[in-house]
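Fold and geometry: a report
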Amino acid sequence: MHAPGVDVRPLKQMTGDEEFCEVFLDDVPMPTDAMLGPEYGGWLVAMQVLQDERGSSGTAGLISLERRLAHLASLKGDDRVLGDELVRLLVRGHALKTMLMRSGGGPALSSAAKLMRTELEFDAEILENKLRDANGLLLDERTERFLYAPGMKIAGGSSEIQRNIIAERILGLPR
Ligand SMILES: Cc1cc2nc3c(=O)[nH]c(=O)nc-3n(C[C@H](O)[C@H](O)[C@H](O)COP(=O)(O)OP(=O)(O)OC[C@H]3O[C@@H](n4cnc5c(N)ncnc54)[C@H](O)[C@@H]3O)c2cc1C
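Parameters and conventions
- Residues numbered from 1 in each chain as written.
- Predicted model: local features only at pLDDT ≥ 70, side-chain atom pairs only at ≥ 80, totals over all residues.
- Heavy atoms only, no water.
- Salt bridge = Lys/Arg side-chain N within 4 Å of Asp/Glu carboxyl O.
- Helix = DSSP H or I, 4+ residues; strand = E, 2+ residues; numbered from the N terminus.
- Buried < 20%, exposed > 50% of the residue type's maximum accessible area, 1.4 Å probe, protein only.
- 1 Å grid on protein atoms, 1.4 Å probe; cavity = no way out; pocket = protein on both sides within 12 Å on 5 of 7 lines; lining within 4 Å.
- Points joined across faces, edges and corners; volume = space filled by probe spheres on them.
- Nonpolar A, V, L, I, M, F, W, Y, C, P; charged D, E, K, R; others polar.
- Phe/Tyr/Trp six-rings, centres within 6.5 Å; stacked < 30°, edge-to-face > 60°.
- Lys NZ or Arg CZ within 6 Å of the ring centre and 35° of its normal.
- Contact = heavy atoms within 4.5 Å.
- Expected span 1.5 Å × (residues − 1).
- Arc of directions from axis to C-beta.
- Core = buried A, V, L, I, M, F, W, Y, C linked by side-chain atoms within 4.5 Å.

**Concerning the pattern of salt bridges**
- Overall, the coordinates contain 13 salt bridges when judged by the stated rule.
- Among the salt bridges present, the one from R68 reaches E125, with a minimum N-O distance of 3.0 Å. You can see R68 sitting in helix α2 (residues 59-74) and its partner E125 sitting in helix α4 (residues 110-131), a full 57 residues away along the chain. The pair R68 / E125 is uniform in exposure class, with both members buried.
- Salt bridges sharing partners connect three or more residues here, namely R68, R117, E121, E125, E128, R142 and R145.

Structure representation (structure tokens):
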């Protein structure tokens, strides 16, 4: 990372953190023993890394998903419209859980799991904030989580990219 030509530019998130960066590589000299695999094999390495990142919704993700669903199920509200939204979220969550249990979180479904989980988390954060009514405007221990939720739909490849992968690679639809 300290080689000449490596330019690291941190990106500030709306939580205030700088968790990741843009990294530019301009004619960076590399010794041949730094090769991770065959020459011109970098694309496959990059794709495998991304697939592994998305696939983390597998077994470990299943445990945190179960906890998340239990938390959602414990939420109460007098508003019947929001109650309906909550039930719809729980149904989506249980559909995801069933899919993960049946697939074992394998690579083929990593994009579907990533898409379903991060969209669910985002919608759950919005709903939870609505259920808190005016308290949702307060700056408190939930604020960072709320501000982080949109980023999860982008990190590891945005929802649109996951939909493209599912359409083209899993369903075999035309580009
Ligand atoms: C919270 C967070 C943590 C992150 N952590 C890391 C990290 O640890 N390491 C790391 O390397 N990166 C990290 N990232 C970066 C992340 O991987 C990228 O932001 C993400 O892959 C999207 O790429 P991009 O920002 O270049 O968006 P772009 O590719 O420029 O996309 C911009 C918009 O265009 C849409 N779009 C782009 N192409 C298409 C297409 N073909 N079809 C339809 N729509 C399209 C996208 O959906 C998006 O809405 C993180 C991002 C976030 C938000």
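**Quick notes on the layout of surface pockets**
- Looking at the largest pocket, its volume works out to about 550 Å³.
- Contributing to the lining of the largest pocket are 17 residues, with L25, A34, L36, G42 and V45 lying nearest its centre.
- For the lining of the largest pocket, the element with the most residues is helix α1 (residues 42-54), which contributes 4 residues.
- Among the residues forming the lining of the largest pocket, the class breakdown is 13 nonpolar, 4 polar and no charged.

**Here's the deal with the packing of aromatic side chains**
- Counted under the stated rule, the structure contains 0 aromatic pairs.
- Residue placement shows R9 over the ring face of F24; its charged tip is 4.1 Å from the ring centre.
- It is K153 that lies over the ring of F122; its NZ or CZ is 3.9 Å from the centre.

**A short note on the environment of L25**
- Topologically, L25 is positioned in strand β2 (residues 20-25).
- Relative accessible area serves as the criterion here: at 59%, L25 is assigned to the exposed category.
- Expressed as a C-alpha distance, the spacing of L25 and S158, which sit 133 residues apart in the sequence, is 23 Å.
- Residues in contact with L25, not counting those within four places in the same chain, are G5 and V6.

**Things to note about helix α6 (residues 159-170)**
- For α6, with 12 residues, the first-to-last C-alpha span of 15 Å sits near the 16 Å given by 1.5 Å per residue.
- Listed in full, the buried residues belonging to α6 are S159, Q162, I166 and A167. Seen along its axis, α6 keeps its buried residues to an arc of 130 degrees; they face one direction. More than 90 degrees from the buried face of α6, the exposed residues found are E160 and R169.
- The inward-facing, buried residues of α6 abut α1 and α4.

**Side note on the nonpolar core**
- One finds L65, L72, L96 and L100 to be the most contacted residues of the largest nonpolar core, which totals 19 residues.
- Broken down by secondary-structure element, the contributors of at least two residues to this core are α2, α3 (80-103) and α4.
- For this core, the leading source of residues is α3, giving 7 residues.
- Leave out the neighbours within four places in its chain, and L96 touches L65, A113, M116 and R117.

**Focus on unusual backbone geometry**
- For D27, which is not glycine, the phi dihedral falls at a positive 50 degrees.
- Along the polypeptide, D27 turns up in the loop between β2 and α1.
- The backbone phi angle of Y40 is positive, close to 65 degrees, even though this residue is not glycine.
- Among the secondary structure elements, Y40 is positioned in the loop between β2 and α1.
- On the basis of relative accessible area, Y40 is assigned to the exposed category, the value being 80%.

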